[in-house]
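Analysis of the macromolecular model
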Amino acid sequence: MPDANEDPPDLEDALLRRGTRTAAPSVIRSGRDSMTVELALTVFRQMLRTRALEERSIKMSKSGEAYFWIGGPGEEAFNVCLGLQVHKGRGPAYDYLHLHYRNAGILLAMGMPMIDHTRQLAMRKTDAHSWGRNFVGHYAIPDWNVVPVTSVIEVQYAMAPGTALVQKRHGLKNPNENEGISIVIGGEAGTAEGDFDSCMNWSTRPGRELPVLMLVTNNKFGISTDLDTVHTHRPIVDRAEPYGIRHEITDGNDPVAAWAAIDRAMRYCRRERKPFLLEALVSRLHGHSSSSGAQRNWNDLDPLAAFEQKLIDARAIDTPAVQALKDDAKAEADAAVVQTMTEPEPTREDVYTHTYAPSAVDSVYPLDYTGLPRAR
Amino acid sequence: MASIAQAVRMALHYGETHLGVTDVFGEDVGPPLGGVFTATQGLKTAWNTPLDERGIMGTAMGIAYAGGRPVCEIQFCDYAFNVLDLFKVAGNQRWAGAGTFALPMVVMTPNGAGIRGSLYHSHSFESWASRLAGWKVVMPSNALDAYGLMLAAIKDPNPVLVLLPKALMRAKDTRLIPGEPADPEELSRMIDAPIGDRSNWEPQWPEVGDYTVNIGSAVLVREGTAGTVISYGRPLPLCAQAADELARDHGRTFDVIDLRSIFPYDWDMLSKSVLKTGRVLIVNEDTEVTNFGEHLLRRVIDEHFYDLVTRPRTLLGKHIPGIGMNQNYETNSVPQLGDVRAALWDLATEAA
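Values in this document were obtained by computation on a predicted structure and should not be read as measured data.

Cut-off values and rules
- Just so you know, the residues in each chain are numbered from 1, in the order the chain's sequence is written.
- Chain letters and ligand numbers both follow the written order, the letters beginning at A and the numbers at 1.
- For this predicted model, a pLDDT threshold of at least 70 governs which residues receive local features, and a threshold of 80 or more governs which side-chain atom pairs are given and counted, while totals over whole chains, interfaces and linings are taken from all residues.
- Helix and strand labels come from DSSP, where a helix needs a run of H or I of at least four residues and a strand needs a run of E of at least two; each type is numbered from the N terminus.
- C-alpha atoms define the radius of gyration in this analysis, and the globule rule sets the expected value at 2.2 Å times the number of residues to the power 0.38.
- Counting other C-beta atoms within 10 Å of its own, a residue is labelled buried from 20 upward, exposed at 12 or fewer, and partly exposed in the gap between, with every C-beta atom placed from the backbone.
- Working definition of a contact: two residues with C-beta atoms, positioned from the backbone, lying within 7 Å.
- The span one expects for a helix is its residue count, reduced by one, times 1.5 Å.
- Bend at a residue means the angle formed by two fitted axes: the first through the 7 residues ending at that position, the second through the 7 residues beginning there.
- Helix axes are fitted to C-alpha atoms over the stretch in contact, other axes to C-alpha atoms as well, and angles between N-to-C directions run from 0 to 180 degrees.
- Each angle gets one of four labels, with under 35 degrees taken as roughly parallel, over 145 as roughly antiparallel, 65 to 115 as roughly perpendicular, and the rest as oblique.
- Each crossing gets its hand from how the near helix is turned against the far one by less than a right angle, where anticlockwise is left-handed and clockwise is right-handed.
- Note on residue categories: nonpolar means Ala, Val, Leu, Ile, Met, Phe, Trp, Tyr, Cys or Pro, charged means Asp, Glu, Lys or Arg, and polar means any other residue, Gly included.
- The split of the chain into domains comes from an automatic or database domain assignment.
- At least two DSSP bridges between two strands are required for those strands to pair.
- Think of a nonpolar core as buried Ala, Val, Leu, Ile, Met, Phe, Trp, Tyr and Cys residues, each tied to the set through C-beta atoms within 7 Å.
- When the strands point away from the viewer, a crossover counts as right-handed if the path from the first strand over the helix to the second runs clockwise.
- Note on scores: pLDDT gives the predictor's confidence for each residue, bounded by 0 and 100.

The next point concerns the overall build of chain A. A count of helical and extended segments in chain A gives 11 helices and 9 strands. Against the globule reference of 21 Å for 376 residues, chain A gives a C-alpha radius of gyration of 23 Å, in line with a compact fold. Projected onto the principal axes, the alpha-carbon positions of chain A cover approximately 95 × 55 × 45 Å. Each of the 376 residues in chain A was classed as buried or not, and the buried ones make up 49%. For chain A, long-range pairs separated by at least 24 residues make up 72% of all intrachain contacts whose partners lie at least 6 apart in sequence.

Residue and element names in this part refer to chain B. With respect to the helices and strands, the residue Asn-332 is situated in the loop between helix H10 (327-331) and helix H11 (337-349). Take Asn-332: there are 13 C-beta atoms within 10 Å of it, and that puts it in the partly exposed class. Remark: the alpha-carbon pair of Asn-332 and Gly-317, spanning 15 residues in sequence, is separated by 9.0 Å.

To continue, consider helix H3 (residues 84-96) of chain B. All names here are of chain B. Along its 13 residues, H3 runs 17 Å from first to last C-alpha, staying within 8% of the 18 Å computed at 1.5 Å per residue. Most pronounced at Ala-90, the bend in H3 amounts to some 25°. For H3, the buried fraction is high: 10 of the 13 residues fall into the buried class. Restricting attention to buried positions, one finds in H3 the residues Leu-86, Phe-87, Val-89, Ala-90, Gly-91, Asn-92, Gln-93, Arg-94, Trp-95 and Ala-96. Count one or two residues on from H3 and you reach Ala-98, which has phi positive near 55°.

Residue and element names in this part refer to chain A. For the pair helix H5 (residues 114-121) and helix H11 (residues 319-340), the least separation of the axes is 9 Å and the interaxial angle reads 45°. On the basis of their axis angle, the class for H5 and H11 is oblique. Considering how the two elements wind past one another, H5 and H11 form a crossing that is right-handed. Between H5 and H11, the residues in contact are Met-114, Ile-115, Thr-118 and Arg-119 and Glu-332, Ala-333, Ala-336, Val-337, Gln-339 and Thr-340, respectively. Here the residues of the contact of H5 with H11 sort into 5 nonpolar, 3 polar and 2 charged.

The α-helix advances 3.6 residues per turn, and as a result positions three or four apart in sequence lie on the same side. Taking 1.5 Å per residue, 27 residues should reach 39 Å; helix H2 (residues 37-63) of chain A reaches 38 Å between its end C-alpha atoms and fits that length. A positive phi of about 95° marks Gly-64 of chain A, the residue just after H2 of chain A.

The subject of this paragraph is the interface of chain A and chain B. The figure often quoted for interface size is the accessible area lost as the parts come together. Opposite the 45 residues of chain A that make contact, chain B presents 45 residues. Per element, the largest residue contribution to the side of chain A that touches chain B is 10 residues, and it comes from helix H6 (residues 155-173) of chain A. When the residues that make up the side of chain A that touches chain B are grouped by side-chain class, the tally is 25 nonpolar, 15 polar and 5 charged.

Let's shift gears to the domain arrangement of chain B. Residue and element names in this part refer to chain B. Each domain of chain B was delimited in the assignment, giving domain 1 (4-191) and domain 2 (219-349). Each of domain 1 and domain 2 was reduced to a C-alpha centroid, and the two centroids are 26 Å apart. Contacts between domain 1 and domain 2 engage 25 residues on the former and 24 residues on the latter.

This brings us to the sheet that holds strand S9 (residues 255-258) of chain B. Residue and element names in this part refer to chain B. An order of S7-S9-S8-S11-S12 is seen for the 5 strands of this open sheet, with the pairing classed as mixed. Here the strands that pair on one side only, and so sit at the sheet edges, are strand S7 (219-222) and strand S12 (313-317). Pairs of neighbouring strands in the sheet enclose a mean axial angle of 25°, with direction left out of account. For strand S8 (residues 228-231) and S9, the ladder comprises 4 bridges, and the chain directions are parallel. Following the sheet pairing, Ser-231 is matched in S9 by Asp-258. Helix-sheet contacts for helix H7 (residues 235-250) involve S7, S8, S9 and strand S11 (280-287), and the interaxial angle to S8 is about 160°. Against the sheet, helix H8 (residues 267-277) engages S7, S8, S9 and S11, with an angle of about 170° to S9.

Another point: the nonpolar core. Residues and elements named next belong to chain B. In this structure, Ala-7, Met-150, Val-162 and Leu-344 are the most contacted members of the largest nonpolar core, which totals 207 residues. Here this core gets 10 residues from one element, more than from any other, and that element is helix H5 (residues 143-155). Residues lining this core come from more than one domain, with at least three contributed by each of domain 1 (4-191) and domain 2 (219-349). Residues within four places of Ala-7 in sequence aside, it is in contact with Ala-2, Ala-143, Leu-144, Ala-146, Tyr-147 and Ile-177.

Okay, the pairing of S11 of chain B next. Residue and element names in this part refer to chain B. Counting buried positions over the 8 residues of S11 gives 8, a clear majority of the element. In S11, alternate side chains face the same way, and those of Val-280, Ile-282, Asn-284 and Asp-286 on one face and Leu-281, Val-283, Glu-285 and Thr-287 on the other are all buried. Taken together, the 3 bridges between S8 and S11 define a ladder with parallel strand orientation. Bridging across to S11, Val-229 finds its partner in Leu-281. Bridge analysis of S11 against S12 gives 4 bridges, and the strand direction is parallel. Across the sheet, Leu-281 pairs through a bridge with Arg-313, a residue of S12. Following the chain from S11 across helix H9 (residues 292-304) to the adjacent parallel S12, one finds a crossover that is right-handed.

A word on the environment of His-129 of chain A. Following the sequence through the fold, His-129 of chain A ends up in the loop between H5 and H6. Separated by 150 residues in sequence, His-129 of chain A and Glu-279 of chain A have C-alpha atoms that sit 28 Å apart. With residues up to four places along the chain from it excluded, the contact list for His-129 of chain A reads Gln-120, Asn-134, His-138, Tyr-139 and Ala-140 of chain A together with Gly-97 and Ala-98 of chain B.

Residue and element names in this part refer to chain B. Packing of H8 against H9 brings their axes to within 11 Å, and their N-to-C directions diverge by 55°. The angle between the axes of H8 and H9 places the two elements in the oblique class. Between H8 and H9 the crossing geometry is right-handed. Contacts from Trp-267, Leu-270, Ser-271, Val-274 and Leu-275 of H8 reach H9 at Leu-296, Arg-299, Val-300, Glu-303 and His-304. In the contact of H8 with H9, the residues fall into 6 nonpolar, 2 polar and 2 charged.

On average, residues of chain A score 94 in pLDDT, and 94% of them reach the 70 mark or higher. Contacts of residues 14-19 of chain A to residues separated by more than four positions or lying in other chains number 3 contacts, the stretch itself having pLDDT below 50.

This part covers the sheet that holds strand S10 (residues 261-263) of chain B. Backbone hydrogen bonds hold the strands of a sheet together, and the pairing may be parallel or antiparallel. Residue and element names in this part refer to chain B. Spatially, 7 strands are ordered S2-S1-S3-S4-S6-S5-S10 in an open sheet, and the strand pairing comes out mixed. Looking at which strands have only one partner, the edges of the open sheet turn out to be strand S2 (46-48) and S10. Averaged over all adjacent pairs, the angle separating strand axes in this sheet is 25°, with direction ignored. By the bridge criterion, 4 bridges tie strand S1 (residues 23-26) to strand S3 (residues 70-73) in an arrangement that is parallel. Bridging from a neighbouring strand, Asp-23 pairs with Pro-70 of S3. The sheet strands contacting H5 are S3, strand S4 (106-111), strand S5 (136-138) and strand S6 (160-165), and the helix crosses S6 at an angle near 165°.

As structure tokens, then:
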């Protein structure tokens, strides 16, 4: 494989250095944690795809193909490592996901096609998550237990104990299906809402503890407000102490550390059937949303660039291969957008649809909402 | 002959034994108390929650998302205001999620004044609730309807809010729920928990049967020609009584309609009655700005303006910050029997 950084062959140590390159590294390390090269490259590729999709999404919001963008550039490392470890499926034997609106990386890693994201961003009727009704990133996927994402901050933390309660009960009756957990995620600013404490309180009723994996991605800002001005300077995870909830802080920008932390937290929730609070320190590379311009913030560490450097330094990959992956990801995102923009928009006939599920005990709306009640 | 509280209890028992109800929960809903109005005594799936309405609503949503059938209680509707956004989310999730998830959940909560409850045990919630698109909202005025509407709420795969008129919770019906023993004292011995230590008590449930009042179906409780009276919940018996008195004393008869469902409401029945009488009075105890009755008034005006022989009108609770503890506050701010009777008389006698 050609290498632009290859040393000239006449250096004294050239022979030795070529020798180490032939023995491919088997693991990528970060502190006490490590990850196989094979897994690291999978994570890296999914991070690249997520970044390509987010950057194309921001472009759509500026080009008129979409109106509003919000997402998670800067959270790719943590989100991809999470998505790859989810027990994916439908029903209480599998994990429930209570997400917020910065989680494209989780779902791309789980296998969601990019076009499922761009259809929502472009408000198409083909958007399976919302028929063009909701902001981008507001996913709803019953086959993967991804319950509908809402813009209302932190309400997902009030719901997670409910799915976890059903999962715990299901596992007690079905010992072979006793590892499903409820994963709930939000930002650090949202922890100011009472629902964050509701989740901890409802998950720790004595003898009735619940398998809730509480995740907080801490980018240190709520829209424009610096966390340090509105929250005690003690870590978010300290809030778990009075509930006796096990907790950990991890570097969410480091995939090796994040993968291991998620693995530890998940194993605890799955086996102990109790809650865990994991705080991940992450970057916010394009601000809050398109409403604040979505300009690139060059001051925060870029987890993608950092991991790329780490993999190249470890000789797990080289720059041409990186470029090829980036080109593939960009082409994939471009193709999704091109296809999306050919697809139909919702019409006035679609306004009422999906308000109600069909009901055998409703005299007015047996099938769905049809406008104000009428005379028969 | 059951009370509304007993009827709700029997409906929930039927729900957990026949309709797949998995959880009945809320503050003081489980043993030993079984609900502050005793509506959940003896139920096998009833449990107590932290004092946290947001947790109650959120957990109900989670249980429903995961395939359970929850019935949760907000202890008094006065304490539902801090979960309005969760009501909104539960109501819009199906529409917002393009029908991907159903949310079969029931919330029940006591509603309105009449128990000397002061400011925070006297609110009415139906006008707020009528703005929660995606929800269905019902309010019985008697025990049999409470049973039938609760079964409908459980069977319906959408979020349903059951508002229970506080002041009528112990009011006995003259009719029997299918399977209910005819002797009310026998029913009480079977399903009312004893006073004092009840740790070894178990209810002896009667073999109650299926009886469903469809959502969106009103009922004509009095029939007449002098006017149409539309009400529900606590003031409904007052409307019926006032109509009986005016029929007896003055020969004026009224259509008295128990709406039973706030949304969807039975426009078909309202419309036909208005066409017949040309005179309309809407009665409820919620505050008058902005009141669900005003929406009905708007529809009457929009669709029956030229069918009316006199101005359509409302008799509603006064727009004040709360119900005061001294009884003089309540009697002068919430429609009373005398107010209803006078309003009916005016409705019937105003020159066309």
